[in-house]
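# Secondary and tertiary structure notes
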Amino acid sequence: MINGKFENSSFGDKILLLLLIFIGCFAAALVVCGICITLGMDMKLMQGLSSIISFALPAFIIATLYSQQKFHYLGFAGKSACKTYVTAFVLMLILIPFINLTGWLNEQVPFPHFMTGLETWMRQLEESTQAQLQIFLEVKNIDALLLNLLIIALLPAICEEMFFRGTIQKILLGKFNSHLAIWLTAIIFSFIHFQFFGFLPRLLLGALLGYIFAWSGNLWLSVLAHFANNATMVILYYLHYNKILNIDIDNIGIDNQWFVGIISAITGLFFIWILR
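Predicted model only: the values in this text are computed from it and were never measured.

The grouping of Trp-258, Phe-259, Ile-262, Ile-263 and Ile-266 at the surface amounts to a nonpolar patch, some 540 Å² of accessible area in total. Within the secondary structure, Ile-266 sits in helix 11 (residues 258–275).

Right, here's the structure in full:
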């Protein structure tokens, strides 16, 4: 039995073990993706498998090694009142313009001249990622929309919350105070997506998800908030692409609508206070 075998390991040993397991799972995900490409598997299904292997699998392994109650360790045993779930869901909808505003501000950050090559590379990577996401999102029927909600919204929400909040944040809490652990986890969460011109909004989103988990002890609550953010993007893009709703989600709260982003932030703070 290996359940809880490493529960009393030192902080350094836990970090080292986490890195080794993550690297191993990430390498396995690359191999699986390579096989899927060779077999001509659908790219969306490949994306789903990648999320599970890269994030959910290492979280599950760590929880098994560090606790005899792996689901309790990850935070899945936590409970919250129904109104708390509703508040968290509404909060994520309210914050969309503010998240867009911070993303726009992130893109305005100037690079020094000697970093021109790095800036060019990062912009090309960002454009490539956005182009791939756009291909995934441009669907015309409900079946494809539901698949997008599963692959792009739900699976990443569960897998990433297991890994970042349920695992990394929990390990860091063994060494640092809750605020530092939450923000360090948010930095890792944002960095690991390799979308540098979206670093700030993803950092803030990661910190909010971290606080939601820390306040509630319920990983399902941060999963719901994460899913709400992803699902809103998927649904609104579907409505805009199919000309059902004339709203471009990426432009809400930026340029001449910056005041909407400010109102979004103020209202969001009120809902965060309610959650707290």
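Still more ground to cover, so stick around.
Residue position: His-179 is located in helix 8 (residues 178–191). For His-179, the side chain forms a polar contact with the side chain of Tyr-211, separated by 2.8 Å.

With that out of the way, let us pick up the packing of aromatic side chains. Throughout the structure, instances matching the rule amount to 15 aromatic pairs. Between Phe-270 and Trp-273, the aromatic rings sit 6.1 Å apart at their centres with planes inclined by 25 degrees, giving stacked as the arrangement. With Phe-270 and Trp-273 both in helix 11, this residue pair falls 3 residues apart, about one helical turn. For Phe-270, a relative accessible area of 46% translates into the label partly exposed. Among the aromatic side chains, those forming a connected cluster through ring pairs are Phe-22, Phe-26, Phe-55, Phe-163, Phe-164 and Phe-189. Between Lys-14 and the ring centre of Tyr-66, over which it is positioned, the NZ or CZ distance is 5.1 Å. Above the face of the Phe-189 ring, Arg-165 is positioned so that its terminal group lies 4.5 Å from the ring centre.

Along its 23 residues, helix 10 (residues 219–241) runs 33 Å from first to last C-alpha, staying within 8% of the 33 Å computed at 1.5 Å per residue. Of the residues flanking the start of helix 10, the one acting as N-cap is Asn-218, its side-chain oxygen 3.0 Å from the backbone nitrogen of Trp-220.

A word on the layout of surface pockets. Reported here for the second largest pocket is a volume of approximately 220 Å³. As for the second largest pocket, its lining consists of 14 residues, of which Leu-95, Phe-98, Leu-208, Leu-269 and Ile-272 are closest to the centre. Residue assignment for the lining of the second largest pocket shows that the elements contributing at least two residues are helix 5 (96–107), helix 9 (199–216) and helix 11. In terms of residue count, helix 9 provides more of the lining of the second largest pocket than any other element does, 6 residues in total. Among the residues making up the lining of the second largest pocket, the classes are represented as 13 nonpolar, 1 polar and no charged.

What follows covers the packing of helix 2 (residues 43–66) against helix 7 (residues 142–173). Orientation of helix 2 relative to helix 7, taken along the N-to-C sense of each, is 25 degrees, at an axis distance of 9 Å. The angle between helix 2 and helix 7 places the two elements in the roughly parallel class. Once helix 2 is placed against helix 7, the crossing between them reads as left-handed. When grouped by side-chain class, the residues that make up the contact of helix 2 with helix 7 number 19 nonpolar, 5 polar and 2 charged.

Taken as a whole and assessed by the stated rule, the structure comprises 1 salt bridge. Between Glu-161 and Arg-165 there is a salt bridge whose closest N-O contact spans 2.7 Å. One end of the pair is Glu-161 and the other is Arg-165, both in helix 7 and 4 residues apart, which spans about a single turn. Overall, Glu-161 belongs to the buried group, its relative accessible area being 0%. Classification of Arg-165 by relative accessible area gives buried; the value is 0%.

The rules behind each value
The numbering scheme is per chain: residues are counted from 1 as the chain's sequence reads. Residue-level local features of this predicted model are given only where pLDDT is at least 70; pairs of side-chain atoms are given and counted only at 80 or more, and the full residue set underlies all totals for whole chains, interfaces and linings. Hydrogens are left out, water is left out, and the side-chain values use all remaining heavy atoms of the structure. Here a patch means residues that are over 30% exposed by relative accessible area and free of salt bridges, tied together within 9 Å if like-charged and within 5 Å if nonpolar (Val, Leu, Ile, Met, Phe, Trp, Tyr). Methods summary: accessible areas were calculated by the Shrake-Rupley approach with a probe of 1.4 Å, and residue burial reflects only the protein chains presented. Any Lys or Arg side-chain nitrogen located within 4 Å of an Asp or Glu carboxyl oxygen qualifies as a salt bridge. Strands here are runs of E lasting at least two residues and helices are runs of H or I lasting at least four, both read from the DSSP assignment and numbered beginning at the N terminus. Whenever two N or O atoms come within 3.5 Å, that pair is a polar contact, provided that in protein one can donate a hydrogen and the other can accept it, and provided that, for residues adjacent in sequence, both atoms are side-chain atoms. Ring pairs shown here join Phe, Tyr and Trp side chains whose ring centres sit within 6.5 Å, with only the six-membered ring taken for Trp; geometry is labelled stacked below 30 degrees between planes, edge-to-face above 60, and tilted in between. Three exposure classes are used, based on accessible area relative to the maximum for each residue type with a 1.4 Å probe and protein chains only: buried under 20%, partly exposed in between, and exposed over 50%. In this scheme, the term charge over a ring applies when either NZ of a lysine or CZ of an arginine sits within 6 Å of the ring centre and within 35 degrees of the ring normal. Here the expected length of a helix is defined as 1.5 Å per residue gap, with one fewer gap than residues. Cavities and pockets were defined on a 1 Å grid built from protein atoms only: a cavity is a group of points that admits a 1.4 Å probe but offers it no way out, a pocket is an open group of points flanked by protein on both sides within 12 Å along at least five of seven lines, and a lining residue is one with an atom within 4 Å of any such point. Grid points are joined across faces, edges and corners, and a volume is the space filled by probe spheres set on the points. Note on residue classes: Ala, Val, Leu, Ile, Met, Phe, Trp, Tyr, Cys and Pro are nonpolar, Asp, Glu, Lys and Arg are charged, and everything else, Gly too, is polar. Angular values range over 0 to 180 degrees, each being the angle between N-to-C directions of two axes fitted as lines to C-alpha atoms, with helices fitted over their stretch in contact. In these notes the angle categories are as follows: under 35 degrees is roughly parallel, over 145 is roughly antiparallel, 65 to 115 is roughly perpendicular, and the rest is oblique. Crossing handedness is read from the near helix: turned anticlockwise from the far helix by less than a right angle, it gives a left-handed crossing, and turned clockwise, a right-handed one.

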